[in-house]
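Residue-level structure breakdown
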Amino acid sequence: MQKFICSCPGKVLLAGGYAILNPNNHGVSIAINARFRTEKLKLQENNQIIFRSEQFSQEIKYSLNQIAKSENIYFDAIYQIIFQNQLATDSWLIETKPDSAFYSQNQKNKITKLGLGSSAGLIVSSLGQFINDNEKLYQLALQANLIAQENKGSGFDISTAIYGSQLFSKNEVIPLDGLDKNYQILLIDLKQGQSTIKGINTIQKCLSENQKYYKYFLETSEKCVMELCYLLKEKKLVRDQFLKLNQEYRSLLRELSQLANYDIEPKISTEIIDFSIAQPSVLWGICPGAGGYDAIALLCKDVTEKEIKSINEFLLTKGYENAVHMFYIDHGIQRDIINI
Ligand SMILES: Nc1ncnc2c1ncn2[C@@H]1O[C@H](COP(=O)(O)OP(=O)(O)OP(=O)(O)O)[C@@H](O)[C@H]1O
Ligand SMILES: C[C@@](O)(CCOP(=O)(O)O)CC(=O)O
């Protein structure tokens, strides 16, 4: 008997948030080694696909003859795509096996997301079990994502789950291959998580009501993204330039945040990033998600234990215990088969 494993990386958007909802704008998205895996096993029963998620205590059964609604809108959307495109003829069990890094537990013991793209990982690693061609997978995974997310989102998380680190836009995906292996991403878990859809709705309403500012925002974001991309690929370390650019880009986001009266980089995150960026190996600090309460991301080169300890000690004074998690840059989708 064979077990099919499909895995894909989590993502961190270093720059380009909100702007990438516009097809002509780019964002820098880094694939990290928190991997979302699904395992696919053949079932003896006829005509069914079963999704099992231990993390969400769910087991959802779909009949191969019809689409259906369940408590998990993402499974429903994935199954809808499988059904409409007749991707499955046999019966299969699909089990989710994400790295625990995708989630954390808040004070009320509720599972919260870190903003690493668990839903994109779920979609891509599930549909990737049925589709080998990555271009076709991209198109169908985007459709599933839009079904589940009220037609909202640029799809950069789906794209990163498939193609790895990249300069993303809705119009083109330019892989960022060969990035320095000594880059690390530190994530700081604020244990809240924030709704992407709410962020998109609020910010887009504000931008559409301020057309002149909208144009300025898109232009400035694009300039920062392109400069960041250039610095990332630069062989010699240009820390001063990273820091200067980071200030400029964060100011832009804070300005937008104020205009829309929506927390993109909340005050607590500003304090945390300002402290962290003073550590010698830290090059870039950002609230990467739609809102500031997803995990804060720091791009570092050759970060030391001492620096991590120092950031953790600072976080403790703000009430966050052991909040720093370290990741490396990782590759895109991977499919494996194991004989069992
Ligand atoms: N292991 C899992 N099993 C079942 N459903 C999951 C699993 N992981 C994620 N999901 C689905 O994805 C939803 C989380 O998606 P959401 O877009 O809010 O977070 P994210 O993708 O991790 O972060 P972000 O959108 O900020 O990148 C969950 O509510 C659940 O429906
Ligand atoms: C705000 C946005 O531009 C980027 C952040 O998204 P997320 O919260 O990391 O899924 C949304 C998107 O591009 O889909």
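Cut-offs applied
Residues numbered from 1 in each chain as written. Chains lettered and ligands numbered in written order. Predicted model: local features only at pLDDT ≥ 70, side-chain atom pairs only at ≥ 80, totals over all residues. Heavy atoms only, no water. Near = heavy atom within 4 Å. Polar contact = N/O pair within 3.5 Å; in protein donor to acceptor, adjacent residues only side chain to side chain. Areas by Shrake-Rupley, 256 points an atom, 1.4 Å probe, with all protein chains shown as cover. Nonpolar A, V, L, I, M, F, W, Y, C, P; charged D, E, K, R; others polar. Domains from an automatic or database assignment. Contact = heavy atoms within 4.5 Å. Buried area = accessible area lost by both parts, 1.4 Å probe. Salt bridge = Lys/Arg side-chain N within 4 Å of Asp/Glu carboxyl O. Helix = DSSP H or I, 4+ residues; strand = E, 2+ residues; numbered from the N terminus. Pairing = 2+ DSSP bridges. Axes fitted to C-alpha atoms, helices over the stretch in contact; angles between N-to-C directions. Parallel < 35°, antiparallel > 145°, perpendicular 65-115°, else oblique. Left-handed = near helix turned anticlockwise from the far one by under 90°. Buried < 20%, exposed > 50% of the residue type's maximum accessible area, 1.4 Å probe, protein only. 1 Å grid on protein atoms, 1.4 Å probe; cavity = no way out; pocket = protein on both sides within 12 Å on 5 of 7 lines; lining within 4 Å. Points joined across faces, edges and corners; volume = space filled by probe spheres on them.

Taken together, 15 residues are adjacent to ligand 2, and Lys 11, Tyr 18, Ser 154, Thr 196 and Ala 290 come closest. Interatomic distance of 2.6 Å between a side-chain N/O atom of Ser 154 and an oxygen atom of ligand 2. Protein chains shield 94% of the accessible area of ligand 2, which is 370 Å² for the free molecule. When the residues that make up the shell around ligand 2 are grouped by side-chain class, the tally is eight nonpolar, five polar and two charged. When we break the shell around ligand 2 down by domain, the ones giving at least three residues each are domain 1 (2-178) and domain 2 (183-328).

Turning to the domain arrangement of the protein chain, a few remarks are in order. It is common to give the size of an interface as the accessible area lost on bringing the parts into contact. Partitioning the protein chain into structural domains gives domain 1 (2-178) and domain 2 (183-328). Look at where the C-alpha atoms of domain 1 and domain 2 centre, and you get two points 24 Å apart. Contacts between the two partners involve 35 residues from domain 1, matched on the other side by 38 residues from domain 2. Buried area between domain 1 and domain 2, summed over both chains or domains, comes out near 3,000 Å², and the portion from carbon and sulfur atoms is 66%. When the buried surface of domain 1 facing domain 2 is broken down by residue, Leu 14, Tyr 18 and Leu 114 rank first, second and third, together holding 25% of it. Remark: the boundary between domain 1 and domain 2 carries zero salt bridges. Our count for the domain 1 to domain 2 interface comes out at eleven residue pairs in polar contact (both at pLDDT 80 or more). For the side of domain 1 that touches domain 2, the secondary-structure elements that each account for two or more residues are β1 (2-15), β2 (27-42), β6 (103-105) and β7 (111-113). It is β2 that provides the largest number of residues to the side of domain 1 that touches domain 2, a total of seven residues. Tallied by class, residues from the side of domain 1 that touches domain 2 come to 17 nonpolar, 15 polar and three charged.

Ordered by their spatial adjacency, four strands build an open sheet running β11-β12-β10-β13, and the pairing between neighbours is antiparallel. Strands at the two margins of the open sheet, each flanked by one partner only, are β11 (282-286) and β13 (324-328). When strand polarity is set aside, the average angle formed by the axes of neighbouring strands in this sheet is 25°. Bridge count between β11 and strand β12 (residues 296-301): four bridges; the pairing is antiparallel. Bridge pairing in β12 places Gly 285 opposite Leu 298. Where helix α9 (residues 305-317) meets the sheet, its contacts fall on β10 (183-188), β12 and β13, and the angle it forms with β13 comes to roughly 145°.

A few words on the packing of helix α2 (residues 118-127) against helix α4 (residues 156-163). At a minimum axis distance of 9 Å, the contact between α2 and α4 shows a crossing angle of 50°. Relative to α4, the element α2 lies oblique. Crossing handedness for the pair α2 and α4: right-handed. The segment α2 lies against α4, with Ala 120, Ile 123 and Val 124 engaging Asp 157, Ile 158, Ala 161 and Ile 162. The residue inventory of the contact of α2 with α4, partitioned by class, reads six nonpolar, no polar and one charged.

Next up on the list: the pairing of β1. In terms of burial, β1 is a largely internal element, twelve of the 14 residues being buried. Here twelve bridges tie β1 to β2, and the two strands are oriented antiparallel to one another. Within β2, the position partnered with Val 12 by the bridge is Ile 30.

The local shell around ligand 1 holds 20 residues, among which Lys 11, Tyr 103, Lys 113, Ser 118 and Ser 119 are the closest. Side-chain polar atom of Gln 55 to a nitrogen atom of ligand 1: 2.8 Å apart, as the coordinates give it. Between ligand 1 and the protein, one listed contact pairs an oxygen atom with a side-chain N or O atom of Ser 118 at 2.6 Å. Coverage of ligand 1 by the protein chains reaches 85% of its 640 Å² of free accessible surface. Where the shell around ligand 1 is concerned, the elements lending two or more residues are α1 (73-84) and α2. At three residues, the largest contribution of residues to the shell around ligand 1 is made by α2. Split by residue class, the shell around ligand 1 holds seven nonpolar, ten polar and three charged.

On to the layout of surface pockets. Of the volumes computed, that of the second largest pocket is approximately 240 Å³. For the second largest pocket, the lining is made up of 15 residues, of which Leu 179, Lys 181, Ile 329, Asp 330 and His 331 are closest to its centre. Split into classes, the residues belonging to the lining of the second largest pocket amount to six nonpolar, five polar and four charged.

A separate point is the side chain of Asn 72. Its location among the elements puts Asn 72 in the loop between β4 (58-63) and α1. Residue classification places Asn 72 among the buried residues on the basis of a relative accessible area of 10%. With near-sequence residues (within four places) excluded, Asn 72 lies in contact with Gln 58, Ile 60 and Tyr 62.

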